[in-house]
Amino acid sequence: MRRRDKDNYYLDIAETVAERGTCLRRNYGSIIVKNDEIISTGYTGAPRGRKNCIDMQTCIREKLNVKRGTHYELCRSVHSEANAIISASRRDMIGATLYLVGKDANTKEYVKDANSCSMCKRMIINSGIENVIIRDSKSEYRVIDVLSWVDEDDSLAISKEFGY
């Protein structure tokens, strides 16, 4: 019997964390790992004390047919990456790896080309996290060097998209 490699092991845990998500569209799970120790976890859900979309049985982004990857300010949820970062100290995150798994809330299929949104990318950069590993299938994943996000500076792309 072959032992599961560490990256898929941590992605499996992040996938389990995603099951706590309360979004009606997509649920993500994140875990932050440093020196083979889980520092924190996070899933997609409304801020503490506020009603979740799953409880209200409505999603404003769904109602407005908002395109994936845009207008996250309309969403009630805090993203899984942000929740994991909020639960950890920066000292523990410097040099760490964030594992991210996203699944469609209805089909339970992995989110195709999943990635952190621009706001979560900024938080990941500032947190000191070094790598983000994103699951594409049960055994395939991508490793992203966070410094590549610094180098590509997506503010120029955003400016062009909105005509600024």
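Every value quoted in this text rests on a predicted model; they were computed, and no experiment measured them.

As a further point, take the UniProt feature "binding site: Zn(2+)" (unreviewed entry) in the chain. Taking the numbering used here, the UniProt-annotated feature "binding site: Zn(2+)" (unreviewed entry) corresponds to H79, C117 and C120. A maximum C-alpha distance of 8.9 Å is found for the annotated residues, which run over 42 residues; spatially they form one tight group. Examined against the element boundaries, H79 turns out to sit in the loop between α3 (60-63) and α4 (80-86). Assessed through its relative accessible area of 2%, C120 is described here as buried.

For the structure on display, the rule yields two aromatic pairs. Between Y10 and Y99 the ring centres are 5.2 Å apart and the planes differ by 40°, which places this aromatic pair in the tilted class. One end of the pair, Y10, is in helix α1 (residues 6-18); the other, Y99, is in strand β3 (residues 97-104), and 89 residues separate them in sequence. Each member of the pair, Y10 as well as Y99, carries the same accessibility label: buried. Grouping aromatic residues by their ring pairs yields a cluster made of Y9, Y10 and Y99. For K103, the ring lying beneath its charged end belongs to Y110, and the centroid distance is 5.0 Å.

With that out of the way, let us pick up the nonpolar core. Core analysis: the biggest nonpolar cluster contains 18 residues, and I32, L98, I124, I129 and V132 have the highest contact counts within it. One finds A14, I31, V33 and I133 within the second-largest nonpolar core, a separate group that totals nine residues.

Right, let's get into the layout of surface pockets. In this structure, the second largest pocket spans a volume of roughly 300 Å³. Contributing to the lining of the second largest pocket are 14 residues, with Y43, G45, A46, R48 and N83 lying nearest its centre. Among the elements of the structure, β2 (37-43) and α4 are those that each provide at least two residues to the lining of the second largest pocket. Among the elements that line the lining of the second largest pocket, the one with the most residues is β2, at three residues.

Here we come to the environment of D104. Along the polypeptide, D104 turns up in strand β3. Sequence-distant contacts of D104, that is, excluding residues within four places in its chain, are made with R25, R26, E109 and V111. Within the structure, D104 has its side chain in polar contact with the backbone nitrogen of T107 (distance 2.9 Å).

Calculation notes
- Residues numbered from 1 in each chain as written.
- Predicted model: local features only at pLDDT ≥ 70, side-chain atom pairs only at ≥ 80, totals over all residues.
- Heavy atoms only, no water.
- UniProt positions renumbered as here; feature names shortened; annotations may be inferred.
- Helix = DSSP H or I, 4+ residues; strand = E, 2+ residues; numbered from the N terminus.
- Buried < 20%, exposed > 50% of the residue type's maximum accessible area, 1.4 Å probe, protein only.
- Phe/Tyr/Trp six-rings, centres within 6.5 Å; stacked < 30°, edge-to-face > 60°.
- Lys NZ or Arg CZ within 6 Å of the ring centre and 35° of its normal.
- Core = buried A, V, L, I, M, F, W, Y, C linked by side-chain atoms within 4.5 Å.
- 1 Å grid on protein atoms, 1.4 Å probe; cavity = no way out; pocket = protein on both sides within 12 Å on 5 of 7 lines; lining within 4 Å.
- Points joined across faces, edges and corners; volume = space filled by probe spheres on them.
- Contact = heavy atoms within 4.5 Å.
- Polar contact = N/O pair within 3.5 Å; in protein donor to acceptor, adjacent residues only side chain to side chain.

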